[in-house]
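The lines below spell out each chain.
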Amino acid sequence: MDNHPKVEEISEEFVNYLLTGRKKESSAIIFQFLNQNNSFLELYEKLIKKSLYKIGELWEYNKITVAAEHLASAIIETILNELYPKIAKTEKQNKKILLACVENEFHQIGIKIISDIFELNGWNSFFLGANTPTNELIRFAKSINPDIIGLSMSIYFHLPVLENMLLKIKDEFPEIPIIIGGQAFRYGGLEILAKFNNVFYFADSYEIYNSIKNLNL
Amino acid sequence: MDKEYLIKSAEKLNQVSEKTANEYQNKRDILISKINEIMLSRPDLESLIGIENINMMKDNHANHVRFISSIIKNFEPEILVETVLWVFRAYRSHGFSTNYWASQLNSWIEILKTHLSDNAYNEILPFYEWMQVNIPLFAKLSDDELDKNLSQHKT
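Because the structure is a prediction, the values reported are computed rather than measured.

(A) The arrangement of the overall build of chain B in detail. Within chain B one finds nine helices and zero strands. For chain B, the α and β elements follow one another from N to C terminus as α-α-α-α-α-α-α-α-α. Relative to its length of 155 residues, chain B is compact, with a C-alpha radius of gyration of 16 Å against a globular reference of 15 Å. Along the longest, intermediate and shortest principal axes, the C-alpha atoms of chain B span 50 × 35 × 20 Å. In chain B, which comprises 155 residues, the proportion classed as buried is 53%. In chain B, once contacts between residues fewer than 6 apart in sequence are set aside, the share between residues at least 24 apart is 82%.

This is the structure:
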């Protein structure tokens, strides 16, 4: 019999700790979850992503302040950094991915997780973070010659910015595959991506993980 | 009438031309500046948006222009409906009244008439009229969601 608490219960406790700034307890929950034979993918999808969505919903319904939301995000980012040594010990391939949020987009936890999933698969991830100016991304890409570029967009109304970014990136690097993800595409927007060659959308961590082998170049 | 009704009615809106979408996007700064100016000058502002919500209102105006820029360039009725519903839920739960949308949309229409070319105005106006006509339904559907959420937290 499995005596472990259900993921919903763990998530609820995790959210409570995050929103009250209890970093140590939040971190302990994550490590305990992994020690119960849950994979990193399960951690990302079942615990972190669901907790973040819950926190977004709590803000939407005016149950928490923006400050509490930011506090929770900051703690999650700290925990992801604590986990990095467990991820980075994987034997490396000679593959590089460059990851960033589109310009004006500040929600960077999702793309940070994608960065870590590539690391788990032995890739070298170069994670530029939130609100990355297109020209800077292109300049950096020229310096490292990535095999893939990954972009994240959480808010739908950044779609024109993403389209503009794709035009500029494709102009400089027509052959490099670009992967796209983010909550912004929940209800649509994919037809923009279809205009470009070698641009692929992934709905979640599982899809990315299962496709990485096919992305081997 | 429900969300499906809103999506069906939104499907009747026409995709605007690329020229109009670009004009709207290129004039975004002046549009945002004007809506803020008009709304901030209202003596009844607090009754429309609640207490200490001026920054949130300004965010909404900037986001509104970004969103409309996206939606008129790549029109998808479901995204239009889902996003407006989200805005109603989030802002109403933070103290914005239904009358805020009525006042805001009236002001947007005046601003668009003044600052857009006739052709661009005529192409975009149906989107604003659609939002205006459907304020009561958006308010009702967002209230239903808010009530549901409240009862979930009580149990």
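(B) Up close: the pattern of salt bridges. Residue and element names in this part refer to chain B. Overall, the coordinates contain 16 salt bridges over all chains when judged by the stated rule. Salt-bridge contacts for Glu 37 lead to Lys 34; the nearest nitrogen and oxygen are separated by 3.7 Å. You can see Glu 37 and its partner Lys 34 sitting in helix α3 (residues 28-40), three residues apart, about one turn around the helix. By relative accessible area, Lys 34 is classed as partly exposed at 25%.

(C) The arrangement of the side chain of Ser 27 of chain A in detail. The residue Ser 27 of chain A is located in helix α2 (residues 23-35) in this model. In this view, Ser 27 of chain A contacts Ile 79 and Glu 82 of chain A; residues no more than four positions away in its chain are not counted.

(D) Representation of the environment of His 107 of chain A. Residues and elements named next belong to chain A. Topologically, His 107 is positioned in the loop between β1 (96-101) and α5 (109-120). Taking the relative accessible area as the measure of exposure, His 107 reaches 43% and is therefore partly exposed. Dropping the residues within four chain positions of it, His 107 is found in contact with Cys 101, Ser 154 and Ile 155. A distance of 2.8 Å separates a polar atom in the side chain of His 107 from a polar atom in the side chain of Glu 105.

(E) Spatial organisation of the packing of α2 of chain A against helix α4 (residues 66-88) of chain A. Residues and elements named next belong to chain A. In contact at an axis separation of 10 Å, α2 and α4 are set at 45 degrees when each is read in the N-to-C sense. By the angle between their directions, the pair α2 and α4 is classed as oblique. As α2 packs across α4, the resulting crossing turns out to be right-handed. Between α2 and α4, the contacting residues are Lys 23, Ser 26, Ser 27, Ile 30, Phe 31 and Leu 34 on the first element and Ile 75, Thr 78, Ile 79, Glu 82, Leu 83 and Lys 86 on the second. Partitioning the contact of α2 with α4 into residue classes produces six nonpolar, three polar and three charged.

(F) Fine view of the packing of helix α2 (residues 18-26) of chain B against helix α8 (residues 118-133) of chain B. All names here are of chain B. One can describe the packing of α2 onto α8 by two numbers: an axis separation of 9 Å at closest approach and a directional angle of 85 degrees. In terms of orientation, α2 lies roughly perpendicular with respect to α8. Residues Thr 20, Glu 23 and Tyr 24 of α2 lie in contact with α8, whose contacting residues are Asn 119, Ala 120, Glu 123, Ile 124 and Tyr 128. In terms of residue class, the contact of α2 with α8 is made up of four nonpolar, two polar and two charged.

(G) Representation of the sheet that holds β1 of chain A in the model. All names here are of chain A. What the five strands build is an open sheet, ordered β2-β1-β3-β4-β5; its pairing is parallel. Two strands in the sheet have a free side with no partner beyond their single neighbour: β2 (124-127) and β5 (199-201). Each strand of the sheet is rotated relative to its neighbour by a mean of 20 degrees, with strand direction disregarded. Where strand β4 (residues 178-181) and β5 come together, three bridges link them in parallel fashion. Following the sheet pairing, Ile 179 is matched in β5 by Phe 200. Sheet strands touched by α5: β1, β2, β3 (148-152) and β4. Its angle to β2, the strand with the most contacts, is close to 165 degrees. Sheet contacts for helix α6 (residues 134-144): β1, β2 and β3; angle to β1, the most-contacted strand, approximately 170 degrees.

(H) Inspection of the nonpolar core at higher detail. By size, the foremost hydrophobic cluster in this structure holds 125 residues, and its most contacted members are Leu 43, Tyr 44, Phe 118, Leu 151 and Leu 162 of chain A together with Tyr 24 and Tyr 128 of chain B. Once residues within four sequence positions are removed from consideration, Leu 151 of chain A is found in contact with Ala 100, Ile 111, Leu 137, Leu 162, Met 165, Leu 166, Ile 169, Ile 178, Ile 179, Ile 180 and Gly 181 of chain A.

(I) The pairing of β3 of chain A, seen in detail. All names here are of chain A. Taken across its five residues, β3 has five buried, putting it largely inside the fold. Residues Ile 148, Gly 150 and Ser 152 line one face of β3 and the alternating positions Ile 149 and Leu 151 line the opposite face, and both faces are buried. Taken together, the five bridges between β1 and β3 define a ladder with parallel strand orientation. Note that in β3 the partner of Cys 101 across the bridge is Ser 152. Note that β3 and β4 share four bridges and pair parallel. Within β4, the position partnered with Gly 150 by the bridge is Ile 179. Tracing the backbone out of β3, into helix α7 (residues 159-172) and back to the parallel element β4 gives a crossover that is right-handed.

Basis of the calculations
Residues numbered from 1 in each chain as written. Chains lettered and ligands numbered in written order. Predicted model: local features only at pLDDT ≥ 70, side-chain atom pairs only at ≥ 80, totals over all residues. Heavy atoms only, no water. Helix = DSSP H or I, 4+ residues; strand = E, 2+ residues; numbered from the N terminus. Rg over C-alpha atoms; globule rule 2.2 N^0.38 Å. Buried < 20%, exposed > 50% of the residue type's maximum accessible area, 1.4 Å probe, protein only. Contact = heavy atoms within 4.5 Å. Salt bridge = Lys/Arg side-chain N within 4 Å of Asp/Glu carboxyl O. Polar contact = N/O pair within 3.5 Å; in protein donor to acceptor, adjacent residues only side chain to side chain. Axes fitted to C-alpha atoms, helices over the stretch in contact; angles between N-to-C directions. Parallel < 35°, antiparallel > 145°, perpendicular 65-115°, else oblique. Left-handed = near helix turned anticlockwise from the far one by under 90°. Nonpolar A, V, L, I, M, F, W, Y, C, P; charged D, E, K, R; others polar. Pairing = 2+ DSSP bridges. Core = buried A, V, L, I, M, F, W, Y, C linked by side-chain atoms within 4.5 Å. Right-handed = clockwise from strand over helix to strand, strands pointing away.

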